[in-house]
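Residues per chain, in single letters:
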Amino acid sequence: MPSHRSTPPRKGNPRGNRPNSDAAAAPRRETPQRIPSAREAAVRMLNEVLGDEPRLLSDLREAPWLSRLDPPERARALRLATETLRWLERCDRMLAKPLQKQPPLPVLNILRLGTYELGTGGAAHGVVNDLVQMTNNLPQLGHLKGLVNAVLRKISDAGEEQWNKLRNPRLPDWLRGPLVEAYGAERLLAFEAAHAAGAALDLTPRDPASAPEWAEKLNGTLLPTGSIRLEAGVQVSALPGYDEGAWWVQDAAAALPAVLLNARPGERVIDLCAAPGGKTLQLAATGATVTALDISAHRLKRLEQNLTRTGLAAEVLAGDALEVEGAYDAVLLDAPCSATGTIRRHPDLPVARDGDEIGELIGLQEAMLEHALGLLAPGGRLVFCTCSLIPDEGECHIEEALLRHPGLSVDRSALDHPGIDPAWITEEGGLRLTPDNWAELGGMDGFYMAVLRKD
Ligand SMILES: C[S@@+](CC[C@H](N)C(=O)[O-])C[C@H]1O[C@@H](n2cnc3c(N)ncnc32)[C@H](O)[C@@H]1O
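Not measured: the values here are computed from a predicted model. Numbering of residues starts from 1 in each chain and follows the order in which that chain's sequence is written. Reporting in this predicted model follows two pLDDT cut-offs: at least 70 for local features of residues, and 80 or more for side-chain atom pairs to be given and counted; totals over whole chains, interfaces and linings ignore these cut-offs and use all residues.

Visitor: Is there a simple way to explain the UniProt feature "binding site: S-adenosyl-L-methionine" (unreviewed entry) in the protein chain in this structure?
Guide: Mapped onto this numbering, the UniProt entry gives "binding site: S-adenosyl-L-methionine" (unreviewed entry) at Cys 273, Ala 274, Ala 275, Pro 276, Gly 277, Gly 278, Lys 279, Asp 294 and Asp 334. The largest pairwise C-alpha distance within this set of annotated residues, which runs over 62 residues, is 13.0 Å, so the set is compact in three dimensions. A run of H or I in DSSP counts as a helix once it spans at least four residues, and a run of E counts as a strand once it spans at least two, with each numbered from the N terminus. Mapped onto the secondary structure, Ala 274 falls in the loop between β5 (268-271) and α14 (278-285). Residue burial here comes from a neighbour count, namely the number of other C-beta atoms, placed from the backbone, that lie within 10 Å of the residue's own C-beta, with 20 or more meaning buried, 12 or fewer meaning exposed, and in between meaning partly exposed. According to the C-beta neighbour criterion, Ala 274 is buried, with 28 such atoms within 10 Å. What Ala 274 contacts, discounting residues up to four positions off in sequence, is Thr 280, Ala 292, Leu 293, Asp 294 and Leu 303. UniProt positions are given in the numbering used here, feature names are shortened, and annotations may be inferred rather than shown by experiment. Any two residues are considered in contact once their C-beta atoms, placed from the backbone, lie within 7 Å.

Visitor: In this structure, what is going on with the sheet that holds strand β1 (residues 201-205)? I would like to understand it.
Guide: Picture the strands of a sheet paired through backbone hydrogen bonds; they go either parallel or antiparallel. On the basis of which strands lie adjacent, the open sheet formed by four strands has the order β2-β3-β1-β4 and antiparallel pairing. This sheet does not close on itself; its edge strands, each paired only once, are β2 (221-222) and β4 (247-249). Two strands pair when backbone bridges link them, and β1 and strand β3 (residues 228-230) are joined in this way by three bridges, in the antiparallel orientation. Each residue of the ladder has a partner; that of Leu 203, found in β3, is Ile 228. A pair of strands is labelled paired if DSSP reports no fewer than 2 bridges between them.

Visitor: What's the story with the environment of Lys 301 in this structure? I'm lost.
Guide: For Lys 301, the location among the structural elements is in helix α15 (residues 297-310). Judged by the 13 C-beta atoms lying within 10 Å of it, Lys 301 falls in the partly exposed class. Spatially, the C-alpha atoms of Lys 301 and Val 316 are 9.7 Å apart, while their sequence positions differ by 15 residues.

Visitor: Looking at this structure, how should I read the site of the ligand?
Guide: Should the C-beta atom of a residue, placed from the backbone, lie within 6 Å of a molecule or strand, that residue is near it. In the vicinity of the ligand lie 17 residues, with Cys 273, Ile 295, Ser 296, Ala 321 and Asp 334 positioned nearest. Looking at the shell around the ligand, the elements that each hand over two or more residues are α14 and β6 (289-294). Residues are grouped as follows: Ala, Val, Leu, Ile, Met, Phe, Trp, Tyr, Cys and Pro are nonpolar; Asp, Glu, Lys and Arg are charged; all remaining types, including Gly, are polar. When grouped by side-chain class, the residues that make up the shell around the ligand number nine nonpolar, three polar and five charged.

Visitor: Please clarify how the pairing of strand β8 (residues 328-334) should be interpreted in this entry.
Guide: Side-chain positions along a regular strand alternate between the two faces of the sheet. Taking burial as the measure, the seven residues of β8 include seven buried ones, the bulk of the element. With three bridges connecting them, β5 and β8 associate as parallel partners. Along β8, the bridge assignment pairs Asp 271 with Leu 332. Where β8 lies against strand β9 (residues 376-386), six bridges are found, and the strand directions are parallel. Bridging from a neighbouring strand, Asp 334 pairs with Cys 385 of β9.

Visitor: Can you help me understand the nonpolar core in this one?
Guide: Nonpolar side chains in soluble globular proteins tend to be buried together. Note on terminology: a nonpolar core is a set of buried residues of type Ala, Val, Leu, Ile, Met, Phe, Trp, Tyr or Cys, with members joined through C-beta atoms within 7 Å. Grouped together as the largest cluster of nonpolar side chains are 130 residues, with contacts concentrated most on Ala 42, Leu 272, Val 331, Leu 333, Val 383, Phe 384 and Met 449. The leading source of residues in this core is helix α7 (residues 105-119), at eight residues. Two domains each donate at least three residues to this core, and these are domain 1 (4-165) and domain 2 (201-454). Among residues more than four places away in sequence, those in contact with Val 331 are Ile 270, Leu 272, Ala 372, Leu 375, Leu 376, Gly 380 and Leu 382. Just so you know, the domain bounds were taken from an automatic or database domain assignment.

Visitor: Hey, could you run me through the UniProt feature "domain: SAM-dependent MTase RsmB/NOP-type" (unreviewed entry) in the protein chain in this one?
Guide: Summarizing the sequence annotation, UniProt attributes the feature "domain: SAM-dependent MTase RsmB/NOP-type" (unreviewed entry) to residues 163-455 in the numbering used throughout. Annotation note: span residues 163-455, helix share 31%, strand share 20%, distance between end C-alpha atoms 58 Å.

Visitor: Explain the environment of Gln 365 here, please?
Guide: If you trace the backbone, Gln 365 turns up in helix α17 (residues 358-373). Judged by the 22 C-beta atoms lying within 10 Å of it, Gln 365 falls in the buried class. For the pair Gln 365 and Glu 231, spaced 134 residues apart in sequence, the C-alpha to C-alpha distance is 34 Å. Residue contacts for Gln 365: discarding those within four places in its chain leaves Ala 335, Cys 337, Thr 386, Glu 393 and His 397.

Visitor: Any chance you could explain the domain arrangement of the protein chain here in plain terms?
Guide: Size of an interface: often given as the accessible area lost when the parts come together. Taken domain by domain, the protein chain comprises domain 1 (4-165) and domain 2 (201-454). One C-alpha centre belongs to domain 1, the other to domain 2; they are set 34 Å apart.

Visitor: Looking at this model, I keep getting lost on the pairing of strand β7 (residues 315-318). Mind explaining?
Guide: The sheet contact formed by β6 and β7 spans four bridges and is parallel. Each residue of the ladder has a partner; that of Thr 291, found in β7, is Glu 315. At this point the chain moves from β6, through α15, to the parallel β7, and the crossover so formed is right-handed. Place the viewer so that the strands point away; then a crossover is right-handed whenever the path from the first strand over the helix to the second strand goes clockwise.

Visitor: Mind showing me how you'd approach the packing of helix α10 (residues 173-183) against helix α11 (residues 185-197) here?
Guide: Helix axes use the C-alpha atoms of the stretch in contact, all axes being lines fitted to C-alpha atoms, and the angles between their N-to-C directions lie in the range 0 to 180 degrees. Two numbers describe how α10 lies on α11: the axes approach to 7 Å, and their chain directions differ by 120°. Regarding the angle of α10 to α11, the classification is oblique. Considering how the two elements wind past one another, α10 and α11 form a crossing that is right-handed. Facing α10, whose interface residues are Arg 176, Leu 179, Val 180 and Tyr 183, α11 presents Ala 185, Arg 187, Leu 188 and Phe 191. Of the residues in the contact of α10 with α11, the class split is six nonpolar, no polar and two charged. Angle categories: roughly parallel below 35 degrees, roughly antiparallel above 145, roughly perpendicular from 65 to 115, and oblique for all the rest. For any pair of crossing helices, the crossing counts as left-handed if the nearer helix is rotated counterclockwise from the farther one by less than a right angle, and right-handed if it is rotated clockwise.

Visitor: Is there a simple way to explain α17 in this structure?
Guide: Structurally, the α-helix is built with 3.6 residues per turn, so residues lying three or four positions apart point the same way. Any helix carries an expected span of 1.5 Å times its number of residues minus one. With 16 residues, α17 should reach 22 Å at 1.5 Å per residue; the first-to-last C-alpha distance of 22 Å fits that figure. Turning to α17, its buried residues number three or more, namely Ile 358, Leu 361, Ile 362, Gln 365, Met 368, Leu 369, Ala 372 and Leu 373. The buried residues of α17 occupy an angular sector of 130° when projected down its axis, which confines them to one face. Looking at α17, the residues exposed on the side facing more than 90 degrees away from the buried face are Glu 360 and Gly 363. Note that the arc is defined by the directions from the helix axis to the C-beta atoms.

This is the structure:
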């Protein structure tokens, strides 16, 4: 297996524009009560993700300037920022010709947003006027409104035809290198096609037996592993079954670790990295006695809300998985990781991150797995999983744990579940899921998981 540790870390944010980072943090005049438009909020998100100290979109969701927008406008702002980031390479290629010199980051991001909108069918008049006005309002940068107008008019003339000719965006080198080494260049193109296509909305029914019924009620597709797939973009809280917690949002790949753990009524089960709780809900729905632990009290609030909505029960503990004690029939370890399997839904990740933190995460995952094995009662089982595509965060941990623990084995029979393609099973007996799986059904998140048993 290739080692991620050999990957050279990327310095700075090459997609950003370093000399103008101050302007990135404060892109326009804004009184405390001013409500930004969806486009203004989207550009501000782009400035944060692509700035000198890159932030993930998920960390901006509770920013005060974003929460001032009403929910539909907030959703629109997030969608615009997310899609511009998904198509960033295409935006920059379209902009390369009309832009002789890179403007400051806030202006560049206005142009990127405009290019995304114009390239995907946005009405030129509305998009250009709005973005020229937005440039005019930028502190010290208002004089660049003429440039924005001229460039966006050219982009509009080139239109969707030129946009559609461009290749799917490639992953940055810090991630592309290790993934090409692990999967080969051809597979990586398939991953990148899946990242470009984006993700549908998957639901996990509280009662797995009710999946066909809910798929019909919600006009969705019943996936081979029992999840229900709907088109992205629907308002989740307005769907039938939401209020009574008959299902919850969870990617089809993310639903499998808890399925493979196969918890039974009355068993003592611990979910060691539980928040926001999709897997805890699945475990609690089996009738097992579940402890949900997470180090983040903030993230546990969402887990508690999810338990309340679904009417399911679990003991919720804020704490460190490396310190918890006890003996359990089943342990779920969904360890913190690079989350590189979730790029379809989080296209900001490859540009906001540079891989620097992965070495530390690998160390933490190994320590967590060691500690988690010590929590197993005799004959107990453990599912280790990460939503990463990097083998050092998946397969390698299991190979190494088997060498360290002679009494430990991988339970291959646990993978015998409807919908699991035998081609996904790895040499050491785990399950490697990649975004190009089920391409005809709309893909799935990248994940790794293995079921371990101790004598
Ligand atoms: C991949 S997420 C878990 C997702 C969750 N299992 C689910 O299905 O919704 C990883 C979680 O690990 C938690 N975490 C990180 N370090 C931890 C530690 N030392 N002990 C316990 N939880 C930790 C993070 O707060 C984060 O919520």
